[in-house]
Amino acid sequence: MPTQSCSLCRIALDKVSVVRGGQTLLQDVSMHIHCGQLTVLIGQNGAGKTTLIRALLGELPHGGSIRHVDEHGRAVPRLRTGYVPQHLDFDKEMPVTVEDFMASAFSRRPVWTGVSRRTREKVLAALTEVNAAELLKRPLGRCSGGELQRVLLALAISPAPDLLVLDEPVSGVDQNGLKMFLDTVVRLKEQHHMAILLVSHDLNLVRQYADHVALLDKSVLVQGPPDRVFASPEFQQIFAVGASNLVSARHHGVERWSPRVSADNQEGGDA
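Residues numbered from 1 in each chain as written. Predicted model: local features only at pLDDT ≥ 70, side-chain atom pairs only at ≥ 80, totals over all residues. Heavy atoms only, no water.

Re the overall build of the protein
Within the protein, the secondary structure is distributed over 8 helices and 11 strands. Evaluated residue by residue, the protein yields a buried proportion of 44% over its 271 residues. Considering only contacts within the protein whose residues lie at least 6 apart along the sequence, 66% involve residues at least 24 apart. Accessible surface, the protein: about 14,300 Å² in total, of which carbon and sulfur atoms supply 47%. (Helix = DSSP H or I, 4+ residues; strand = E, 2+ residues; numbered from the N terminus. Buried < 20%, exposed > 50% of the residue type's maximum accessible area, 1.4 Å probe, protein only. Contact = heavy atoms within 4.5 Å. Areas by Shrake-Rupley, 256 points an atom, 1.4 Å probe, with all protein chains shown as cover.)

As structure tokens, then:
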């Protein structure tokens, strides 16, 4: 049972379209993002995944409708949204600790004047929520990729949002960091019953963690449970491979799925 319920039941997208510079980036996207579920967007580069996220975050004008409704179908006027980007660009030589970085978001007080006890307690509580309390005094530039993403996640869930948007947050993160991050996300989903939208190219990750998958190519081609989407002809057409022909391999310590190479297509053979 969740320890805290959000006020949101679902985010309903109805025929959402985005046109910029005369180019159609999204067309008639219809789907629901439900509370208590991890919804994953998949698709090739240029499919419109980032565009859809920006429309959800209110950064791009769009056609159609994006409605936030509660369990009774009533509009939720103020949606709390948390966002974790793929990367954080900053000068790694800056003399800034994780505590300083997060305190600057939790307080209007300039960090160089010191961090108050109350703010420090808030920062520590947020880091504890994502199993990262040991990073409090760590220089931000010395955090690994996985550690930095957990710091960003701690910021995104403080306070707990109705919708958590994760834009390829574990790209380039090693296997241990990836598992820790995603296990934390699943725990937060269950504890706070929040709606979570994740963009990912890692099909193994999708199969293992997703509750609902939407295959995007400027519009939603197919959606549903992972196995159903992976077995669909739309998936096979987009990725040029059926789900039964996917094999896993490790790249930079991360397990990823790729097409199975048949014996006829392998290099070599009889002289």
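Remarks on the sheet that holds strand 1 (residues 10–20)
Read from one edge of the open sheet, 3 strands run 2-1-4, paired in antiparallel fashion. Single-partner strands in this sheet number two, and they are strand 2 (23–34) and strand 4 (63–69). On average, each strand axis in the sheet is tilted by 15 degrees relative to the strand beside it, whichever way the strands run. (Pairing = 2+ DSSP bridges. Axes fitted to C-alpha atoms, helices over the stretch in contact; angles between N-to-C directions.)

Some details on the sheet that holds strand 8 (residues 212–216)
Strand order in the open sheet made by the 6 strands is 5-6-7-3-8-9, with mixed pairing throughout. Both edges of this open sheet fall to strand 5 (81–84) and strand 9 (220–224), since each of them pairs with a single strand only. Geometrically, the sheet is characterised by an average inter-axis angle of 15 degrees between neighbouring strands, direction not taken into account. Here helix 1 (residues 49–56) sits on the sheet in contact with strand 3 (38–42), strand 5, strand 6 (163–167), strand 7 (195–199) and strand 8, set at roughly 150 degrees to strand 7.

Re the packing of aromatic side chains
Scanning all chains against the criterion turns up 2 aromatic pairs. With a centroid separation of 4.7 Å and 20 degrees between ring planes, the pair formed by Phe 230 and Phe 235 is classed as stacked. You'll find Phe 230 and Phe 235 in the same group, each marked buried. A network of ring pairs unites the aromatic residues Phe 230, Phe 235 and Phe 239 as a single cluster. (Phe/Tyr/Trp six-rings, centres within 6.5 Å; stacked < 30°, edge-to-face > 60°.)

Considerations on the side chain of Ser 232
Among the secondary structure elements, Ser 232 is positioned in the loop between helix 7 (226–230) and helix 8 (233–239). At 3.1 Å, the side chain of Ser 232 forms a polar contact with the backbone nitrogen of Phe 235. (Polar contact = N/O pair within 3.5 Å; in protein donor to acceptor, adjacent residues only side chain to side chain.)

A look at unusual backbone geometry
The residue after Ser 158, namely Pro 159, is reached through a cis peptide bond having omega 0 degrees. Checked against the element boundaries, Pro 159 lands in the loop between helix 4 (145–156) and strand 6. Even without being a glycine, Lys 15 presents a positive backbone phi close to 50 degrees. Its place among the elements puts Lys 15 in strand 1. Positive phi, normally seen in glycine, also occurs at Glu 168, with a value near 45 degrees. Topologically, Glu 168 is positioned in the loop between strand 6 and helix 5 (175–192).

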